[in-house]
Amino acid sequence: MFTPQQFEILLPLACAWAEEQERTILRDGVPLTAEQMGDAKSIGIIHPERVRLRVVDEIALPEHPPLRTAAEMTGLISPLTAGLTLRYGIFIQADSWGERRLVVHELAHVAQYERFGGFLPFLEQYLHECLTIGYPAAPLEQEAKRIENELCR
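Read on for a plain summary of the structure.

Each value, and the rule that gives it
- Residues numbered from 1 in each chain as written.
- Predicted model: local features only at pLDDT ≥ 70, side-chain atom pairs only at ≥ 80, totals over all residues.
- Heavy atoms only, no water.
- Salt bridge = Lys/Arg side-chain N within 4 Å of Asp/Glu carboxyl O.
- Helix = DSSP H or I, 4+ residues; strand = E, 2+ residues; numbered from the N terminus.
- Buried < 20%, exposed > 50% of the residue type's maximum accessible area, 1.4 Å probe, protein only.
- Pairing = 2+ DSSP bridges.
- Contact = heavy atoms within 4.5 Å.
- Axes fitted to C-alpha atoms, helices over the stretch in contact; angles between N-to-C directions.
- Parallel < 35°, antiparallel > 145°, perpendicular 65-115°, else oblique.
- Nonpolar A, V, L, I, M, F, W, Y, C, P; charged D, E, K, R; others polar.
- Core = buried A, V, L, I, M, F, W, Y, C linked by side-chain atoms within 4.5 Å.
- Patch = residues over 30% accessible without salt bridge, like charges linked within 9 Å, V, L, I, M, F, W, Y side chains within 5 Å.
- Areas by Shrake-Rupley, 256 points an atom, 1.4 Å probe, with all protein chains shown as cover.

What about the pattern of salt bridges?
Reasoning step 1: Overall, the coordinates contain ten salt bridges when judged by the stated rule.
Reasoning step 2: In this structure, the salt-bridge partner of Glu148 is Lys145, at a minimum N-O distance of 3.4 Å. Placement of the pair is Glu148 and Lys145 together in helix α6 (residues 139-151), with a separation of three residues, close to one helical turn.
Reasoning step 3: The class for Glu148 is buried, based on a relative accessible area of 6%.
Reasoning step 4: According to the relative accessible area criterion, Lys145 is partly exposed, its value standing at 39%.

Some remarks on the sheet that holds strand β1 (residues 30-31)
Reasoning step 1: In spatial order, the strands read β1-β2-β4-β3; together these four strands make up an open sheet with mixed pairing. Every interior strand has two partners, whereas the edge strands, β1 and β3 (83-86), have only one.
Reasoning step 2: In this structure, β3 lies alongside strand β4 (residues 89-93), joined through four bridges in antiparallel fashion. Paired with Gly83 across the bridge in β4 is Ile92.
Reasoning step 3: Helix α4 (residues 100-116) contacts β3 and β4 of the sheet and is inclined by roughly 20° relative to β3.

A short note on the packing of helix α1 (residues 4-28) against helix α3 (residues 65-74)
Reasoning step 1: α3 packs onto α1 with a crossing angle of 90° between their chain directions and a minimal axis gap of 10 Å. Considering the angle they form, α1 stands roughly perpendicular to α3. In this structure, α1 contributes Leu10, Leu13, Ala14 and Trp17 to the contact, and α3 contributes Pro66, Leu67 and Ala70.
Reasoning step 2: Of the residues assigned to the contact of α1 with α3, the class counts are seven nonpolar, no polar and no charged.

Thoughts on the nonpolar core
Reasoning step 1: Of all hydrophobic cores here, the largest spans 26 residues; its most connected members are Trp17, Leu84, Leu86, Phe91, Phe119, Leu123 and Leu127.
Reasoning step 2: When residues of this core are assigned to their parent elements, the largest contribution, eight residues, is made by α1.
Reasoning step 3: Among the nonpolar cores identified, the runner-up in size contains 19 residues, and Leu32, Ala40, Leu102 and Ala111 belong to it.

Comments concerning a nonpolar patch on the surface
Reasoning step 1: A cluster of nonpolar side chains, contributed by Val30, Val55 and Trp97, occupies part of the molecular surface with about 250 Å² of accessible area.
Reasoning step 2: Its location among the elements puts Val55 in strand β2 (residues 52-56).
Reasoning step 3: Accessibility expressed as a relative area gives 42% for Val55, which makes it partly exposed.

This is the structure:
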């Protein structure tokens, strides 16, 4: 789908977009509830107090044309995307607001961002997995799904 050269060009654009979105979420979002904070600690998030959730009607695609095209082609962001984690900022689609399973899943991605050490190392791994293995089978996505299933039995 993407050549290694295209991936190298898109990765810094994706990181810049993710950082910009995180700033918006941190500014306009809400902190975790006590129950969500407990889930975050159970997952092993180092700084759960930094996490913010922001409700949106729809998770917007990037405006940068090549990045927008890549997002559309991969389906990683679509009108059906219920949640999207950008380090400590989490978008939650309004229709899914309050769904514990979704928040736990997204919090697992926060823990992955912390483990990888930030935007570039996490997105490089996550996007590579999604593009080569496929989103549902990607190991980082499977890990988030496993954590979601364990906490929300």
